[in-house]
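# Descriptive structure summary
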Amino acid sequence: MKQLKILIIEDEKLIRWSLEKHLSSKGYKVFSAESGEEGLREFELHQPEIVFTDNKLPQMQGLEVIRKIKSMDEETAIVFMTAFGSIDTAVSAMKAGASEYINKPFSFEEVEVILGNIKQKLAITKEVQLLRRQQKETVTFDHIIGESAALRQIIQLSKKIARTQTTTILLLGESGTGKDLFARAIHYEGSQNTRPFVTINCSSLPESLLESELFGYEKGAFTDAKQQKKGLFEIADGGTVFLDEIGEINMSTQIKLLNVLENRVIRRLGGTAGIPVEIRIIAATNKDLKKAVDEKLFREDLYYRLKVFQITLPALREHKDDIPLLTDYFIKYYNNQFKKNISSIHKSAIELLKKYDWPGNIRELRNVIERAVILETTSVLQADCLPGEIMHLDHGFEVDAIEVPKNYFSSDNTLPPGEIEIPEGGLSLFGLEKQVIKQALDKSENNQTKASKLLRISRDTLRYKIKKYRL
Ligand SMILES: Nc1ncnc2c1ncn2[C@@H]1O[C@H](COP(=O)(O)OP(=O)(O)OP(=O)(O)O)[C@@H](O)[C@H]1O
Ligand SMILES: [Mg+2]
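Every chain is numbered independently, its residues counted from 1 as its sequence is written. Both sets of labels track the order of writing: A upward for chains, 1 upward for ligands. Note on the predicted model: pLDDT of at least 70 is required for a residue's local features to be given, and 80 or more for side-chain atom pairs to be given and counted; whole-chain, interface and lining totals, by contrast, use all residues. The side-chain values count all of the structure's non-hydrogen atoms but skip hydrogen atoms and water molecules.

### Observations concerning the packing of helix α2 (residues 36–46) against helix α3 (residues 62–72)
Axis definition: a line fit to C-alpha positions, over the contact stretch in the case of helices; interaxial angles, taken between N-to-C directions, run 0 to 180 degrees. Numbering of helices and strands runs from the N terminus; a helix is a DSSP stretch of H or I covering at least four residues, while a strand is a stretch of E covering at least two. Following both chains from N to C, one finds α2 and α3 inclined at 15°, their axes separated by 10 Å at the closest point. Taken together, the axes of α2 and α3 lie roughly parallel to each other. When the axes of α2 and α3 are compared, the crossing they make is right-handed. From α2, G36, L40, F43 and E44 reach across to α3, where they touch V65, K68, I69 and M72. Gly is put with the polar residues, along with every residue not named as nonpolar or charged; the nonpolar set is Ala, Val, Leu, Ile, Met, Phe, Trp, Tyr, Cys and Pro, and the charged set is Asp, Glu, Lys and Arg. Its residues assigned to classes, the contact of α2 with α3 comprises five nonpolar, one polar and two charged. Geometric relationships in this document are graded by angle, where less than 35 degrees denotes roughly parallel, more than 145 denotes roughly antiparallel, 65 to 115 denotes roughly perpendicular, and other angles denote oblique. For any pair of crossing helices, the crossing counts as left-handed if the nearer helix is rotated counterclockwise from the farther one by less than a right angle, and right-handed if it is rotated clockwise. Note on contacts: a residue pair is in contact if any heavy atoms of the two residues lie within 4.5 Å.

If you want it as structure tokens, here you go:
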């Protein structure tokens, strides 16, 4: 921890001096002032994290000093020093913003206890701020990549909805298309972004637990309810509740949820009082909710209530033109993470990425790039760092280690006319391809353009295969 600065505002010379000496010996950087006004000047000048202030000061009372300091920097920890027995003043000081008070005369042990408390609080505040900032950093619209018409339109729409504070949103789309990402971006774009974003996966909890998580319960609502507990809707008041995999909730929870959406009031389990909540609900699913409605597994009224604003995220195969941009973005991201310095991706590798169908959508692309960045040793991502199912797209088989039988080809080394007969012992397709490419190269006297024409493949594909088969 860096050296903390402490300001002492105290007109009694002896107290000021001894406290100053003690704190300096403990490693703090100490400043002091004899009056309230001087104290405020010193505060502005040095911006200490901690202030000790007396109550009875020349020119300005301690309470006023506290208020002024707090208005300059709300985070400052203030210790109020007061004469023994004046508990009322201590209470007013705490109300004005002091975090601790100490009765005069005090011992250095007491000072140490108080400083211990303050340091702990400062550390927690820092951590919370850091977490908030980190979370915010990863979830703005700046982190949603895509310039295809499909995605641009969705991003614009989402930004618009983000400005309304409590509009319910239904996010649809296959797994890995970015539902989670959009939910967060919408929350952090809106004015409620200082309030909590809570997320719950409806399929991960048994129904009874899901209800108590969402709505909370009163003491005695069921055997284990030893104490009252707030539910997520209450905790997130003013913010957003993200209900992931909404298609999984059962009928009883569906009714309760509908009630929340219609009346903006929740009832804890075992409770009777309605508690008003002001929240935005974002629900998501990769299931066909309409079908669930038709099959009577999902309430129609709830479905229509949720889909007031429906956003369907496209599968990656429907916006393949975003692949280069996304790839660049993930390369940069993993460069940073793994301290690599990959500047670009080879054209043939991008072509392969564009050919692939991406059943796992952007999540899968992200994972593929992560793996490739780890594996690549040059400064350009090459196709051979892509996983097998993508790398072998153009010939549809996996590389294996079987050697081609040397005697399979006829002596003049041309391909057998008509249908190829697989010999008794089988043959390796890998070996066959390798042989054919070798022949094409021989025939064209190593002219790759000619060889690729003979094989009716692109030069890039040929080069890639030459590299793969180490020809
Ligand atoms: N447009 C995008 N730009 C950048 N990254 C994206 C984009 N869309 C998705 N991602 C990334 O892809 C991964 C998967 O996205 P996300 O978790 O939001 O998907 P999901 O739709 O919630 O999937 P599931 O249905 O499996 O929960 C995340 O790492 C996310 O950051
Ligand atoms: Mg998700």
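Structure's up, so let's keep going.
### Brief notes about the nonpolar core
If you look at the biggest cluster of nonpolar residues, it comprises 31 residues, and the most contacted ones within it are F233, L243, I246, L257 and F298. In terms of residues, this core owes the most to one element, helix α10 (residues 251–263), which gives four residues. Beyond its immediate chain neighbours, meaning those up to four positions away, F298 contacts I246, G247, I249, M251, Q254, L289, A292, V293, Y303 and L306. Working definition of a nonpolar core: buried Ala, Val, Leu, Ile, Met, Phe, Trp, Tyr and Cys residues. They are joined through side-chain atoms within 4.5 Å. Burial classes: relative accessible area under 20% of the type maximum marks a residue as buried, over 50% as exposed, and values in between as partly exposed (1.4 Å probe, protein chains only). Ranked by size, the runner-up nonpolar core spans 28 residues in total, among them I145, I331, A349 and V368.

### So, the sheet that holds strand β4 (residues 77–83)
Strand pairing is assigned whenever DSSP detects at least two bridges linking the two strands. Here five strands make up an open sheet; going across it, the order is β2-β1-β3-β4-β5 and the pairing parallel. The open sheet has two free edges, formed respectively by β2 (29–33) and β5 (100–104), since each of these has just one partner strand. Adjacent strand axes in the sheet meet at a mean angle of 20° when their direction is disregarded. Examined bridge by bridge, strand β3 (residues 50–54) and β4 share five bridges and lie parallel to one another. Residue pairing for β4: D54 is matched across the bridge by M81. With respect to the sheet, α2 is in contact with β1 (5–9), β2 and β3, its orientation differing from that of β2 by roughly 150°.

### Quick look at the site of ligand 1
Nearness is defined per residue: one heavy atom within 4 Å of the molecule or strand is enough. Around ligand 1, 18 residues are found, and the nearest of them are I145, S175, G176, K179 and R366. For ligand 1, a nitrogen atom lies 2.9 Å from a polar atom in the backbone of I145. Note on areas: Shrake-Rupley with a 1.4 Å probe; residue coverage comes only from the protein chains shown. Protein chains bury 86% of the 630 Å² of accessible surface belonging to ligand 1 in isolation. Here ligand 1 occupies the largest pocket. Residue classes in the shell around ligand 1 are distributed as seven nonpolar, six polar and five charged. In protein, a polar contact means a hydrogen-donor-capable atom and an acceptor-capable atom, both N or O and within 3.5 Å, with residues adjacent in sequence counting only if both atoms are side-chain atoms; elsewhere, any N or O pair within 3.5 Å suffices. A 1.4 Å probe that fits but cannot get out identifies a cavity on a 1 Å grid over protein atoms alone, an open set with protein on both sides within 12 Å along at least five of seven lines counts as a pocket, and a residue lines either if it has an atom within 4 Å of a point. In this description, a molecule resides in a pocket or cavity if more than half of its atoms sit within 2 Å of the grid points defining it.

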